[in-house]
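Working through the structure, step by step
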Amino acid sequence: MAAAKASSGSSRPSGPPGPSGATAYGRSGSGPVRGTVRALGRALRLPFRSAGRGIRKATHAHGAGESGLGKLIELHAVNGAGDVMVTVALASTVFFSVPTDQARGRVALYLGITMLPFTLLAPVIGPLLDHLPHGRRAAMAGSMVARALLALVLSGAVATGGLQLYPAALGVLVASKAYGVVRSAVVPRLLPPGFSLVKANSRVTLGGLLATGAAAPVGAGLHAVGPPWPLYGAFALYVTGMIFSLTLPHKVDSAKGEKRALLAADEAHVHGPARARPDRRPGLRTVGPAVTHALVANASLRCLSGFLIFFLAFLLRVHPMTGQSAAVSLALVGVSAGAGNALGTAVGSWLRSRAPELIIVTVVAAVLAVAVISTLFFGAIMTAFLAAVAGFAQALAKLSLDATIQRDVPEGVRTSAFARSETLLQMAWVVGGAIGIALPLNGVVGLSTASAIVATGWLTTVKGLLASARHKGGQPRARVA
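On a predicted model such as this, the values are computed, not experimentally measured, just so you know. Residue positions are given per chain, counted from 1 along the sequence in the order it is written. Per-residue local features are limited, in this predicted model, to residues with pLDDT of at least 70; the limit for side-chain atom pairs, both in listing and counting, is 80 or more; totals at the level of whole chains, interfaces and linings are taken over all residues. In computing side-chain values, all of the structure's heavy atoms are included and hydrogens and water are not.

**Looking at the nonpolar core**
Put simply, the rule is: The nonpolar core is taken to be a set of buried Ala, Val, Leu, Ile, Met, Phe, Trp, Tyr and Cys residues, with the residues joined through side-chain atoms within 4.5 Å. Remark: exposure states derive from per-residue accessible area (1.4 Å probe, protein chains only) relative to the maximum for the residue type, with buried under 20%, exposed over 50%, and partly exposed in between. Numbered from the N terminus, helices here are DSSP runs of H or I no shorter than four residues, and strands are runs of E no shorter than two. The contact criterion used is simple: two residues touch if any of their non-hydrogen atoms lie within 4.5 Å.
Counting residues in each nonpolar core, the largest one holds 88 residues, and the members touching the most others are Leu69, Leu72, Val86, Met140, Leu154 and Leu308. It is helix H10 (residues 289-318) that contributes the most residues to this core, 15 residues altogether. Among residues more than four places away in sequence, those in contact with Leu308 are Ala313, Leu386, Ala390 and Leu447.

**Let's talk about the packing of helix H6 (residues 136-160) against helix H9 (residues 229-246)**
Counted only if it meets this: Where helices are involved, their axes are fitted lines through C-alpha atoms of the stretch in contact, as for all axes, and angles between N-to-C directions lie from 0 to 180°. Under this scheme an angle from 65 to 115 degrees is roughly perpendicular, one under 35 degrees roughly parallel, and one over 145 degrees roughly antiparallel; angles in between are oblique. Basically, the charged four are Asp, Glu, Lys and Arg, the nonpolar ten are Ala, Val, Leu, Ile, Met, Phe, Trp, Tyr, Cys and Pro, and anything else, Gly included, counts as polar.
At a closest axis distance of 8 Å, the pairing of H6 and H9 adopts a crossing angle of 170°. Comparing the axis directions of H6 and H9 gives the class roughly antiparallel. Touching Arg137, Met140, Ala141, Met144, Val145, Arg147, Ala148, Ala151, Leu152, Leu154, Ser155 and Val158 of H6 are Leu231, Tyr232, Ala234, Phe235, Tyr238, Val239, Gly241, Met242, Ser245 and Leu246, all from H9. Tallied by class, residues from the contact of H6 with H9 come to 17 nonpolar, three polar and two charged.

**Brief notes about the environment of Ala77**
Mapped onto the elements of the fold, Ala77 is located in helix H4 (residues 69-95). The buried category is assigned to Ala77, whose relative accessible area is 19%. In this structure the C-alpha to C-alpha distance between Ala77 and Thr212, which are 135 residues apart in sequence, comes to 7.3 Å. Residues in contact with Ala77, not counting those within four places in the same chain, are Gly207, Gly208 and Ala211.

**Brief notes about the packing of helix H12 (residues 356-376) against helix H13 (residues 380-408)**
The cut-off we apply is this: Crossing handedness follows the turn of the near helix against the far one: under a right angle anticlockwise gives a left-handed crossing, and clockwise gives a right-handed one.
Put simply, H12 and H13 touch, their axes get as near as 9 Å, and they point 165° apart. In terms of their interaxial angle, H12 and H13 are classed as roughly antiparallel. Both H12 and H13 take part in a crossing whose hand is left-handed. Taken together, the residues of the contact of H12 with H13 sort by class into 19 nonpolar, three polar and two charged.

**Remarks on the environment of Thr449**
Note the threshold: Counted as a polar contact is a pair of N or O atoms within 3.5 Å, where, for protein atoms, one must be capable of donating a hydrogen and the other of accepting one, and residues adjacent in sequence contribute only when both atoms are in side chains.
Within the secondary structure, Thr449 sits in helix H15 (residues 443-472). When neighbours within four sequence positions are excluded, Thr449 is seen to be in contact with Phe307, Ile435 and Leu439. A distance of 2.9 Å separates the side chain of Thr449 from the backbone oxygen of Val445, its partner in a polar contact.

**Some words on the environment of Ile437**
Note that Ile437 resides in helix H14 (residues 411-438). Its relative accessible area of 11% is what places Ile437 among the buried residues. A sequence separation of 125 residues divides Ile437 from Leu312, and the C-alpha atoms of the two residues are 9.3 Å apart.

**A few points about H10**
One turn of an α-helix holds 3.6 residues; hence residues three or four places apart share an orientation. What counts, and what does not: In a helix, the anticipated span is given by 1.5 Å times the number of residues less one. Throughout, bend refers to the angle between the axes fitted to the seven residues that end at a position and the seven residues that start at it.
Look at H10: 44 Å from first C-alpha to last across 30 residues, which is about the 44 Å you get at 1.5 Å a residue. Leu312 marks the point of greatest bend in H10, at about 25°. Across the 30 residues that make up H10, a large majority, 25, are buried.

**A closer look at the confidence of the model for the protein chain**
The line we're drawing: Confidence scores labelled pLDDT are given residue by residue by the predictor and lie between 0 and 100.
Per-residue confidence for the protein chain averages 74 on the pLDDT scale, and 65% of its residues sit at or above 70. Here helix H1 (residues 2-11) is the element of the protein chain with the lowest mean pLDDT, 46, and H9 is the one with the highest, 94. Ignoring residues within four places in sequence, the model shows residues 1-29, a span with pLDDT below 50, making five contacts including any to other chains. Across residues 474-481, confidence stays below pLDDT 50; counting only partners more than four residues off in sequence or on other chains, it has 24 contacts.

**Points about the pattern of salt bridges**
The cut-off we apply is this: Salt bridge, as used here, is a side-chain nitrogen of Lys or Arg placed within 4 Å of a carboxyl oxygen of Asp or Glu.
Under the criterion given, the structure shown has two salt bridges. Residue Asp83 is joined to Arg147 by a salt bridge in which the shortest nitrogen-to-oxygen separation is 2.9 Å. Of this pair, Asp83 sits in helix H4 while Arg147 is found in helix H6, placing the two residues 64 residues apart along the sequence. Residue class for Asp83 comes out buried when judged on its relative accessible area of 19%. Among the salt bridges present, the one from Asp402 reaches Lys398, with a minimum N-O distance of 2.9 Å. In this pair, Asp402 and Lys398 both sit in helix H13, four residues apart, roughly one turn of the helix.

See below:
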């Protein structure tokens, strides 16, 4: 009996019949299986962890991590990725899903319902934020939350074609532009030691451009799964952006020593309630002639950007590039513009100039020359080249405007000047988009109009900018980068 027990006991580990045998098998097999799963998990996480460490190292370099600028760069990258997801979803719904004539009507309706109210709201955004200097982190987080919720509303609208598409799109646009205004006001508070405002802005902008370029094909892939899916991706990104906004340093909310700025050259151009009273200390301060001239030149380039986006979107759909579909033609022009913008941003962060006015005059003149040549020799190559040069000039001129504000505007009103100038540039983009959608689909007519837009900005500002450059020539000034 004892031998039988011993025999049965010794055979239990190797026999499968009983529950104890099954338990033994499970225990003996769990170690290798668990180890394999862990190794597979580590292998799958490795590329993402390595990429995350690389991004964090790049964004936090040269003191940006200690000052908080690195967190703002990451926040702006998330913001750009979310916005491009919404753009992909709306473009497929409003533009590509219907014939050209209907698409033009839809985009006109979209422009009227969203852009026109924004044009009316834009002048209010800057002054409103002047009254909320202690809530910048909350304002940025609120912009993200609003867009996250509206992305969910849009996900239902693109699936059903409901009318809520247009007011929801308006809300996303206003919240996005409000974020841009606040972000312009935040950057001066997060400068690392030895960093100029131009270099900081270029790094933030470049981070957003790279994220936008990476998110665009992801959004297209999500759209292939289903029309609402890019908006689900936007929802996740905006929620992440809300968290990033709240983790910015507390000094972002500090308004110590700040005053409000008025975008006027001198007191002679201040009218109405803003005019200083003899018996009262003025609450608004003018930014100076160099800034106003640089701002007008930048507004002409931003107007050109809005014009080219809307005009070429329809023109290339009706008359695509030779041998290419409409979608591919638009993608080529979009990539050209994005590459030019990224190159301009990179050059602006590297360039060290003592005359930002001369940079603005030069790049706007270059865009004007290319626009005229593109009109005379209209074709696919020249159109893509114009988009690239316009993107390059817009980025470099904006950084030069930042340098002018940093140099000429007192620190106490600099934050307000950035916020208000950004609002004006957004309005110029809206006006350009409206012109682009109203024109007939004729390439020569369109590019002639583009040339006129740039020429207006260049001719009205070149004299003032050159005079300002000569006037400042003998005075020390801030370095551009």
